[in-house]
Amino acid sequence: MQAVRWPPATTRRYVSYSVASRRALPFSLNPFRASQERPDPGNILRLVIFGKPGAGKGTLTARLVKKYDILSLSTGDLLRQHIAERTEIGRQAEQIVAQGKLLPDDVMLEIVASKLDHLRNKHWILDGFPRTVPQGELLDAHLKKQATPLSLVVNLDVPDEVILSRISDRWVHLPSGRVYNLSYNPPKVEGFDDETGEPLTKRPDDNPEVFARRLTQFYASTSPLIAYYSRAAQTPTRLPRPPHRHQHPHQLTFPPAHTLLLKTVSGTTSDEIWPQLDALVRSAFPALRETATLLETRRRHSLSDAVCAAGLAASSGGDS
Ligand code: AMP
């Protein structure tokens, strides 16, 4: 008689991901939360969240990632991680980041592309990339080759004076990228991260002088991306569909044309912008599932696996 394996497969999968291994992942690709099933490829969220430095990209991305089955990649967090770990890229980036300047486009694409290639059928958000029109073009060319084009660009519209007053109150937890603000989103214990209790730090580029430079940089290099994406949003593109395994080359079918969605959401705080962003993502991507629903489904599956396994164990015990 066949041996009964315990714990059942689904349970074992959860157990094998330790906290340490989750931390070791280069970005917030959290296998606990990423859906195991493939979403409909036509309705996958591939979002660029776009806005001035300090507009709340990180905060809003974190809320989306917490609520939905979405992965995120922040180039600022990645670079800070490289700097903290003193890697080759980190050494190259340290001065540039501290001065509020931008790293070369090709270096940035290399960092981002290697991560995105692992996320083909997942919902994802890019925070902090692209930051120049050439970066936007490089990203589009790369995604087009993979037949995984951007589906949504969100432009966060927050007034300059609001951002400037906010920045001196901003503190971050470097390892996780969690952001706090002493005036409207303070940590529970001043100076320490809510989840780990580790000390918070000030970003070296969050002082008024460097911040003013980053804002100038935004207007010069990054804001032209809005015109770039609004042109893209008016031009539907056809993407090559990789041939099916059993398909004759002459039977190639073409998927419907893909159109990028570009939306602007405005407000003075992330709390004001969040409901607009949430409603937008929900209506444009009905295939997105909430994390709470996913966890509940998994809990039910693992419970029914456990019941099945217990039943099998009881019947095999009776046979022997
Ligand atoms: P952020 O946390 O997104 O504000 O990024 C912090 C810093 O990292 C920026 O001020 C730049 O120096 C650098 N950086 C982040 N993303 C990019 C990018 N896409 N291109 C060039 N430099 C970047």
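Residues numbered from 1 in each chain as written. Predicted model: local features only at pLDDT ≥ 70, side-chain atom pairs only at ≥ 80, totals over all residues. Heavy atoms only, no water.

1. Some remarks on the packing of aromatic side chains
Let me state the cut-off plainly: Any Phe, Tyr or Trp ring, taking Trp's six-membered ring, that has another such ring centre within 6.5 Å forms a pair; planes under 30 degrees apart are called stacked, those over 60 apart edge-to-face, and the others tilted. Numbering goes from the N terminus for both helices and strands, where a helix is a DSSP run of H or I of at least four residues and a strand is a run of E of at least two. Throughout this description, buried means an accessible area under 20% of the type-specific maximum (1.4 Å probe, protein chains only), exposed means over 50%, and partly exposed covers the range between.
As enumerated under the stated definition, the model contains three aromatic pairs in all. Ring geometry for Phe50 and Phe218: centres 6.0 Å apart, planes at 50°, overall tilted. With a gap of 168 residues between them, Phe50 in strand β1 (residues 46-51) and Phe218 in helix α9 (residues 208-222) connect regions that are remote in the sequence. The pair Phe50 / Phe218 is uniform in exposure class, with both members buried.

2. Describing the UniProt feature "domain: Adenylate kinase active site lid" (unreviewed entry) in the protein
Cut-off, in case you're wondering: UniProt positions are given in the numbering used here, feature names are shortened, and annotations may be inferred rather than shown by experiment.
Per the UniProt record, the feature "domain: Adenylate kinase active site lid" (unreviewed entry) sits at residues 170-205. Helix makes up 0% of residues 170-205 and strand 22%. Its end C-alpha atoms lie 11 Å apart.

3. Topic: the side chain of His142
The cut-off we apply is this: Contacts were defined at the residue level, with two residues in contact if any of their heavy atoms lie within 4.5 Å.
Structurally, the position occupied by His142 is in helix α7 (residues 133-145). In this structure His142 touches Ala113 and Asp117, once residues within four positions along its chain are discounted.

4. Some words on the site of the ligand
Stated precisely, the cut-off is as follows: We call a residue near a molecule or strand whenever a single non-hydrogen atom of that residue lies within 4 Å of it. Pairs of N or O atoms within 3.5 Å make up the polar contacts considered here, provided that, within protein, one atom can donate a hydrogen while the other can accept it, and that residues adjacent in sequence are counted only when both atoms are side-chain atoms. Here the open area of atoms and residues is found with the Shrake-Rupley method and a 1.4 Å probe, where only the protein chains shown may cover a residue. Nonpolar residues are Ala, Val, Leu, Ile, Met, Phe, Trp, Tyr, Cys and Pro. Charged residues are Asp, Glu, Lys and Arg, and all others, Gly as well, are polar.
In the neighbourhood of the ligand, 16 residues make up the surrounding shell, with Thr75, Arg80, Lys101, Gly128 and Arg131 lying closest. Between the ligand and Arg203 there is a distance of 3.1 Å, counted from an oxygen atom to a side-chain nitrogen or oxygen. Coverage of the ligand by the protein chains reaches 96% of its 480 Å² of free accessible surface. When residues in the shell around the ligand are grouped by element, the largest group, four residues, is from helix α4 (residues 75-84). Here the residues of the shell around the ligand are counted per class, giving six nonpolar, four polar and six charged.

5. Looking at the pairing of strand β6 (residues 178-181)
Using the following cut-off: For two strands to be treated as a pair, DSSP must find at least two bridges joining them.
In terms of strand pairing, strand β5 (residues 170-173) meets β6 through four bridges, oriented antiparallel. If you follow His173 over to β6, its bridge partner there is Arg178. Hairpin remark: β5 followed by β6, antiparallel, with four residues in the connecting loop; positive phi at Gly177, about 80°.

6. Some points on unusual backbone geometry
Omega for the bond connecting Phe129 with Pro130 falls within 30 degrees of zero, at 0°, which places this linkage in the cis form. Among the secondary structure elements, Pro130 is positioned in the loop between β3 (124-127) and α7. Unusually for a residue other than glycine, Arg86 sits at a positive phi of about 55°. By the element assignment, Arg86 lies in the loop between α4 and α5 (88-98). Not every positive phi belongs to a glycine, and Ala147 is a case in point at roughly 55°. Its place among the elements puts Ala147 in the loop between α7 and β4 (152-157).

7. So, α5
Applied cut-off: What the arc measures is the spread of directions leading from the helix axis to the C-beta atoms.
Taken together, the buried positions of α5 are occupied by Gly90, Ala93 and Val97. The buried residues of α5 all sit within an arc of 70° when viewed along its axis, so they share a single face. Turned more than 90 degrees off the buried face of α5, the exposed positions are Glu88 and Gln95. Packed against the buried residues of α5 are α4. Of the residues flanking the end of α5, it is Gly100, one or two places downstream, whose phi is positive at about 75°.

8. Quick look at the pairing of β3
With burial as the criterion, each face of β3 is covered, one bearing Trp124 and Leu126 and the other bearing Ile125 and Asp127. Pairing geometry for strand β2 (residues 71-74) and β3, over four bridges, is parallel. Looking across to β3, one finds that Ser74 is bridged to Asp127.

9. Some thoughts on the pattern of salt bridges
Note the threshold: Criterion for a salt bridge: a side-chain nitrogen of Lys or Arg within 4 Å of a carboxyl oxygen of Asp or Glu.
Scanning the model with the defined rule gives 14 salt bridges in all. Where salt bridges share partners, they join Arg170, Arg203, Asp205, Asp206 and Arg214 into one cluster.

10. Looking at the environment of Leu260
One can find Leu260 in the loop between α10 (224-233) and β7 (261-266). Overall, Leu260 belongs to the buried group, its relative accessible area being 10%. On a C-alpha basis, the gap between Leu260 and Pro149 in space is 8.2 Å, while along the polypeptide they are 111 residues apart. Beyond its immediate sequence surroundings of up to four residues, Leu260 is in contact with Leu150, Ser151, Leu152, Val153, Tyr229, Ala232 and Ala233.

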